[in-house]
Structures are given as structure tokens and as C-alpha cells.
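Each chain, letter by letter, is given below.
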Amino acid sequence: MAQALDIDRNDGTLAGRVRTLFSIDVRSLAAMRVLLGITVVYCLLMIFPDLRWFYTDQGFLTRAEALSDTPYAKASLLFFNGSYTFAVVLWVLALLAAASFMVGFRARLSALLCWILYMSFVGRNPLVGQGGDALILLLLFWSMFLPVGRAFSIDAALSDNPRPSGKDREVCSVATVGLLLQVLYVYVFGALLKTGPQWMPDGSAVYFALHLDTFATELSMWFRQFFAPTQILTYFVFWLELLAPVLLFFPDKRMLVRTATLALLIAMHLGFRVFIRIGHFWMASLSSLCTYIPGWVWDWIEARYWTDGQRSIEIYYDRDCGFCRKVALILREFFLPISVPIRPAQDFGPIGEVLEREVSWVVIDHTGKQRLHWDAVAYVMCQSWCLLPLGWIAVAVGKIGVGKFLYDRIGANRRPLGRLTAWLTPETGIDARLGGVTRAGLCAVIAVCFIWNFDMMSGQTRVEVLKGSPLERPMAFLGLTQRWGMFAPFPATDEGYIIAETMTENGDHLDVAHRQPVPYVDGAPENLFSHFSNYRWRRYQNRVILFENKERFKQLSRFARAACALHNRGRGEGERIVQMSIRAPMKRQYLDFQQEHIVADFGAWNCVFPNTEAPSTG
């Protein structure tokens, strides 16, 4: 097992201690996998309503324009076809890959597919991307080279490897080094990029960040009136990020310093979520931090998570039904202690008789009662409090009679299901060994990512090693480019949103950016975020209105073209847009804590009929 997982045990030497610091518990990898899979599913669900706007040629950025604007673009399958149908197909495949990765079905292959498909959306339109997308891609990249399915997964349930215990749960390889260092880059280079006086020495960065209304939550709008607490939080965020390498790799035996630092970093990200609308970056960050959870934390949790009654549960299945055995193994993996025995019923006379008479598997519950059919399924699924909502659904399905129907239908088709699962889910080992060429390549990736992050720092420390080099294109293509500059070098001072006021042939006025009548903008809007349907629209509009004049005009022209075409499609005479004018209510903050509200007028565009693909400027 140690050889299969590339483990070098701590032999008491300095090298052994270093290996221990760069080891990751397989349960920590599983936690990262589950939370990362949930994050990707969440992101995909959020982008679906805007697939046509953001990721097709009907939207505001065609494939040709995207490649022209970003010559070193990320690999994206969406560059092969610009239709809405193709985008939906890729979206469905990405959702399936993310779900497969989350439950650990062919985990490393699922990581590869999820990486390719999610990068297809991230790379297709960089205008709506954020740091959370970059971090997701990097975590998926390293997951392809790690046994992320070694615990709490379908792979682990069906593996013929013996269950790891003790030090055998620790993985140490060049991939764990790369993953742990990548997580660190987010913090240490994020701190090094925060060079504005608002961070140090003034301590006003959090105050200004909370006054960005396109980010602010309702709670932060109340909290930002207190300057002293925001100053303390500014220093806390800066120094925690800067000292993260020292604290997370502090060489104490029990890794208590690492655990305490993890708690602080988790609290920081939860604070971001409560006070600032930053999309899914906080979810991706929590996923990455799971890799630093020491094994003793999982031992402590497991000792208290399961009761003695749950450990006394027994499961009996039909020996002649391979499908039944696999279902029992998977249910145990997710809902029961691993120590729960799973046995052929035929080896136990009275239990075998019950199985033959009832045509059902048999679950002996914590009181010694025999549970059968769907009742046994619902009982097992109610044992894990983390997954208790699934148990409640199983109970409800049983109460309305659907559970018995499902169980009977599955029982009647055990043989074809057994053949199908034998092909889909073979019981094989999980091999995480890396070949020499792979290890050498990953070492190069580690070095290049470090240099890239160092190169992103401004000022005299900048080293032009990768910019313009042959490495820049493959770095971008593989989704390895990164810059952790949120609120760096200081929080933004300008923000706003787009009002695309249109006039139809019959004289009606509509704001197509928000699908509502034109809002009143004379004065200071109370909550700018309410003008965006989601985070990506906020990202896009804030970026575009803050571009320099030439670039802004180009992007707004594309927006006008897409808005006219999408609105006019299928509209009858009189309902089509003939003209669009774009303006932006904006707020500007000054270092003396004063604010200014303005409304910028960006011009008008005429929509040309019958071809509304390219409106002319007015």
C-alpha cells in the first residue's frame, strides 16, 4: 500500500519530517474532491441561464473576437462551435463530469474530464471569469495525479485494495508538493500584491472594500460604519495571508499550528462570504484548504461521528447477485462506518432463509431488528447526519409507495443490472504511482507556477522570465496562468452598472441589461448589486465601464449588437429595438472617505434591419 500511494514514512530525519509536512491524508483529498465537485456544480448551475449571452456567437463575444482579444487563450472546446445547442451539450457533459468527480466515480478520469469541460467555459469568455475559476482549474489539474478517490467514494467502495489505516492513509509525492504549494500561492502572493497604503500602514482596505456597493451585503452595509473593527480586519487579513507559509508548514509534531491556522483561514473565507459578494471564490478556497487538514483531525471526527449502535449494524446480501453486493458496498461507504460487515446471507442459515423467503437483502439495525426491502435502504441512508437530507428523501419515497415499486423493479432486473455494473464499475485497485516522465513534468509545472506568480508582482521585484516566452502559450492553454490580486494593490475606487435603454419601433422603452423598465438613476442608488442578475454580470459590467475609452467602446458595441439580436429574434413588427443608448450610474470613492455619484453617458447605437447582427454606431 505504501508503495502504491508513493508514501515515504517519517523516519525521524529532517528529510522524513519534510516528507510528513508535504503528505496529504487521503480523507483530506476526499474532502477536497467533494467540496470542489459541489463548487463546480454550483458554478455550472449559475451560468446556465446566461449560456447564450456569455458562451455563444449570439452573445457579446464571438469566438473570433475572443481569440483576437486573448491570443493566449485557455483551451476551450467552445471554440469549435459557436451555437447555443453545442454550449448546452458541453454544459450537460460538464455537469455529469462534476457529479462523477464529486461522488468519486473513476475519480481521476472524472477530474480530467471536468478540467477540460470547465476550462472550456472559463477560457471561452475571460471577461466574466474570476480568481475562483482559476483556482478550480488548478485544483482539478493536480487532482488528476492524486488518489482523490481513495476514501469516501464509489472507487473506494469497490476497490480491491485493503483499507488504509494509520500512516498508510498519507500520500506523499511530487503531486502533493505541487498541490500544497499551489494553495499557498493564493495567500502569500495575494498578500505581496497588496502594496497600496490602504493595506499597510493605513489599514483602511477593508473599510473601502465594504463600501463597494456592487460587492457589499446587507450586513456589511451596517458594519462598514465602524472604522476601527475594519482596520483590525485589514491587518488580520494581510498578515494571515503573508505568514501562511510559515504557519501551515510549522514543524510541530501534532501539527497544531497548522490546524489553528486552518481555522483562521476558514473563518476569513466565511467572513468574505458574509460581508462581500465575491462569487464562488470562497468555495474554491475552502476546497483547497481541505488538503491541509491533518490526519488526527479525521481520527478525532470519526471517533465521535459514529455511535456504538451504528457500528453494530450488519448487512447481508445475495451471494449470487454481484449488483447487490456493490450496492451494499456503496451504501456503506457513504452512510455507515467502514467497520460494518457485509456478508453473503447464504452463509448464515436463518438470514439466508429470510432472504430467500422475502427476496430481499437483510439489514440488522442497532436494536437487532431485521429490516428488509426499501425500509432497509431508507434506514441505512438515515445513519449519516451529513447526508441526512438524502435519508429523509428515501423515507418519503418509501411512505408514498414509490420505494417498494423501485425496489421490486430493481430486484426483477438484477441480472442485466449486474452485467451493466460489472462493465461500469469493475472492482479494481487504486494505483496512484507516478511514472518518471510524469514526475519530471510535474516538477517543471511547480517551478513554472512559482516563477509565474513571482512575475505577477509589481514594481522592482518583477522578473520578466515567462512574459513573451515560449512557456506563456502552454501555461495559458493548460489553465495554469494565475494572479491572486483580489483587492490588490488596493480596493477599487470606481464601480457602477450598465443601463442599456432601448427604444422599440412602437416607441416603448426598456432596459435590456436588466429586462425591466428603465430605472430612475438621478441620485445615489442604495444597493448597486441589486442591478445584476448574478456575479458574472457584475464582473462583466464593472469591467467594461472601467475600460479605457477605445476598449470600452469596442466592448459596448459588442454588447449592443448582441442585445439587439437576442431581443429582436422572433419579435413582430413594432416590438423590435431600433435604437439603444448606454449609460452607467457610477460611484467613486476618495482616500479622504468622500464619495461622488455620477452618471456616465457612453453613446447610442442604431439597430439595422433586417440584419440585427451588427448595429451601426449613432
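Just above, that's the structure.
Here the residue numbering is sequential within each chain, running from 1 through the sequence in written order. Under the rules for a predicted model, residues below a pLDDT of 70 receive no local features and side-chain atom pairs below 80 are neither given nor counted, while totals for whole chains, interfaces and linings still include all residues. Side-chain measures were taken over the full set of non-hydrogen atoms in the model, leaving aside hydrogen atoms and water.

Here the focus is the overall build of the protein chain. Helix and strand labels come from DSSP, where a helix needs a run of H or I of at least four residues and a strand needs a run of E of at least two; each type is numbered from the N terminus. Secondary structure assignment for the protein chain yields 27 helices and 12 strands. Relative to its 618 residues, the protein chain shows a buried fraction of 52%. Within the protein chain, counting contacts between residues at least 6 apart in sequence, those at least 24 apart form 74% of the total. Using the Shrake-Rupley algorithm and a 1.4 Å probe, accessible areas are obtained, with residue cover drawn only from the displayed protein chains. Working note: accessible area of the protein chain is about 27400 Å², and carbon and sulfur atoms make up 63% of it. Under the scheme applied here, a residue whose accessible area is under 20% of the maximum for its type counts as buried, over 50% as exposed, and between as partly exposed, the area being computed with a 1.4 Å probe on protein chains only. Residues are treated as being in contact if the distance between any of their heavy atoms lies within 4.5 Å.

This part takes up the packing of aromatic side chains. Here a Phe, Tyr or Trp ring, Trp counted by its six-membered ring, pairs with any other such ring whose centre lies within 6.5 Å, and the pair is stacked when the planes are under 30 degrees apart, edge-to-face when over 60, and tilted otherwise. What the rule picks out here adds up to 34 aromatic pairs. Centroid distance Trp 53 to Trp 537: 5.2 Å. Interplanar angle 75 degrees. Geometry classified as edge-to-face. With Trp 53 in helix H3 (residues 51-55) and Trp 537 in helix H26 (residues 535-545), this pair connects stretches of sequence that are 484 residues apart. An aromatic cluster of three or more residues is present, and its members are Trp 53, Phe 54, Tyr 55, Phe 60, Phe 121, Trp 537, Tyr 540 and Phe 559. Throughout this description, the term charge over a ring refers to an Arg CZ or Lys NZ atom that lies within 6 Å of the ring centre and within 35 degrees of the ring normal. Lying across the ring of Tyr 84, Arg 52 places its NZ or CZ 3.9 Å from the centre.

Bringing the sheet that holds strand S3 (residues 314-317) into the picture now. Read from one edge to the other, the open sheet built from four strands follows the order S4-S3-S5-S6, with strand pairing classed as mixed. The open sheet has two edge strands with one neighbour each: strand S4 (342-344) and strand S6 (370-372). Direction aside, the axes of adjacent strands within the sheet are offset by 25 degrees on average. Only strands joined by at least two bridges in the DSSP assignment are considered to pair. Across three bridges, S3 lies against S4 in parallel orientation. For Tyr 317, the partnering residue across the bridge sits in S4 and is Pro 344. Between the N-to-C directions of two axes lies an angle of 0 to 180 degrees, each axis being a line fitted to C-alpha atoms and, for a helix, fitted only over the stretch in contact. Contacts between helix H20 (residues 373-381) and the sheet are confined to strand S5 (362-364) and S6, with S6 contributing the most and set at about 110 degrees to the helix.

It is worth spelling out unusual backbone geometry at this point. With an omega of 10 degrees, the peptide bond between Met 200 and Pro 201 qualifies as cis. For Pro 201, the location among the structural elements is in the loop between helix H9 (174-192) and helix H10 (205-210). Cis rather than trans, the peptide bond between Ala 488 and Pro 489 has omega equal to 0 degrees. Along the chain, Pro 489 falls in the loop between helix H25 (472-477) and strand S7 (494-496). Although it is not a glycine, Val 359 adopts a positive phi angle of roughly 50 degrees. Residue position: Val 359 is located in the loop between helix H19 (349-358) and S5.

Next up on the list: the state of the cysteines. Any two cysteine sulfur atoms lying within 2.5 Å of each other are counted as a disulfide. Taken as a whole, this structure holds two disulfides when the rule is applied. Across the protein chain, the disulfide pattern expressed with sequentially numbered bonded cysteines is 1-2, 3-4.

Without a salt bridge and with relative accessible area above 30%, a residue can belong to a patch; like charges are then joined within 9 Å and nonpolar side chains (Val, Leu, Ile, Met, Phe, Trp, Tyr) within 5 Å. Should a side-chain nitrogen of Lys or Arg be within 4 Å of a carboxyl oxygen of Asp or Glu, the pair is scored as a salt bridge. Taken together, the side chains of Ile 400, Val 402, Phe 405, Leu 406 and Ile 410 make up a nonpolar region of the molecular surface, amounting to roughly 450 Å² of accessible area. Looking at the secondary structure, you find Ile 400 in the loop between helix H21 (388-399) and helix H22 (402-412). In this structure Ile 400 comes out as exposed when scored by relative accessible area, which is 66%.

Note that Asp 57 resides in the loop between H3 and helix H4 (63-69). Along the sequence, Asp 57 and Ala 562 sit 505 residues apart, while their C-alpha atoms lie 8.9 Å from each other. What Asp 57 contacts, discounting residues up to four positions off in sequence, is Thr 62, Arg 63, Gly 82 and Arg 124. At a separation of 2.9 Å, a polar atom in the side chain of Asp 57 contacts the side chain of Arg 63. A 3.5 Å cut-off defines polar contacts: any pair of N or O atoms within that distance qualifies, except that in protein one atom must be a possible hydrogen donor and the other a possible acceptor, and neighbouring residues in sequence count only when both atoms are side-chain atoms.

Pairing of strand S8 (residues 499-504) with strand S10 (residues 577-589), which is carried by six bridges, proceeds in the antiparallel orientation. The residue of S10 that forms the bridge with Thr 504 is Ile 577. Taken together, S8 and the strand that follows it, strand S9 (residues 509-511), pair antiparallel across an intervening segment of four residues, in which Gly 507 is found at a positive phi of about 90 degrees.

This paragraph deals with the pattern of salt bridges. One side chain can pair with another of opposite charge once the charged atoms of both are near each other. Scanning the entire structure with this criterion turns up 29 salt bridges. Via salt bridges that share partners, Glu 65, Asp 69, Glu 551, Lys 554, Arg 558 and Arg 561 belong to a single interconnected network.

Ranked by size, the top nonpolar core spans 141 residues in total, and within it Phe 60 and Phe 121 carry the most contacts. In this structure, Phe 121 is in contact with Leu 44, Ile 47, Leu 51, Tyr 55, Leu 78, Ala 87, Leu 90, Trp 91 and Ala 94, ignoring residues within four places of it in sequence. Throughout, nonpolar core names a set of buried Ala, Val, Leu, Ile, Met, Phe, Trp, Tyr and Cys residues whose side chains join them through atoms within 4.5 Å.

Interhelical geometry of helix H2 (residues 26-47) versus helix H15 (residues 281-289) gives an angle of 165 degrees and a closest axis separation of 8 Å. The angle between the axes of H2 and H15 places the two elements in the roughly antiparallel class. Crossing handedness for the pair H2 and H15: left-handed. Contacts between H2 and H15 involve Met 32, Leu 35, Leu 36, Ile 38, Thr 39 and Tyr 42 from the first element and Met 283, Ala 284, Leu 286 and Ser 287 from the second. Just so you know the grouping, Ala, Val, Leu, Ile, Met, Phe, Trp, Tyr, Cys and Pro go in nonpolar, Asp, Glu, Lys and Arg go in charged, and all remaining residues, Gly too, go in polar. Each residue belonging to the contact of H2 with H15 can be placed in one class, and the counts come to eight nonpolar, two polar and no charged. Comment on the angle field: the value is read as roughly parallel under 35 degrees, roughly antiparallel over 145, roughly perpendicular from 65 to 115, and oblique elsewhere. A clockwise turn of the near helix away from the far one marks a right-handed crossing, whereas an anticlockwise turn of less than a right angle marks a left-handed crossing.

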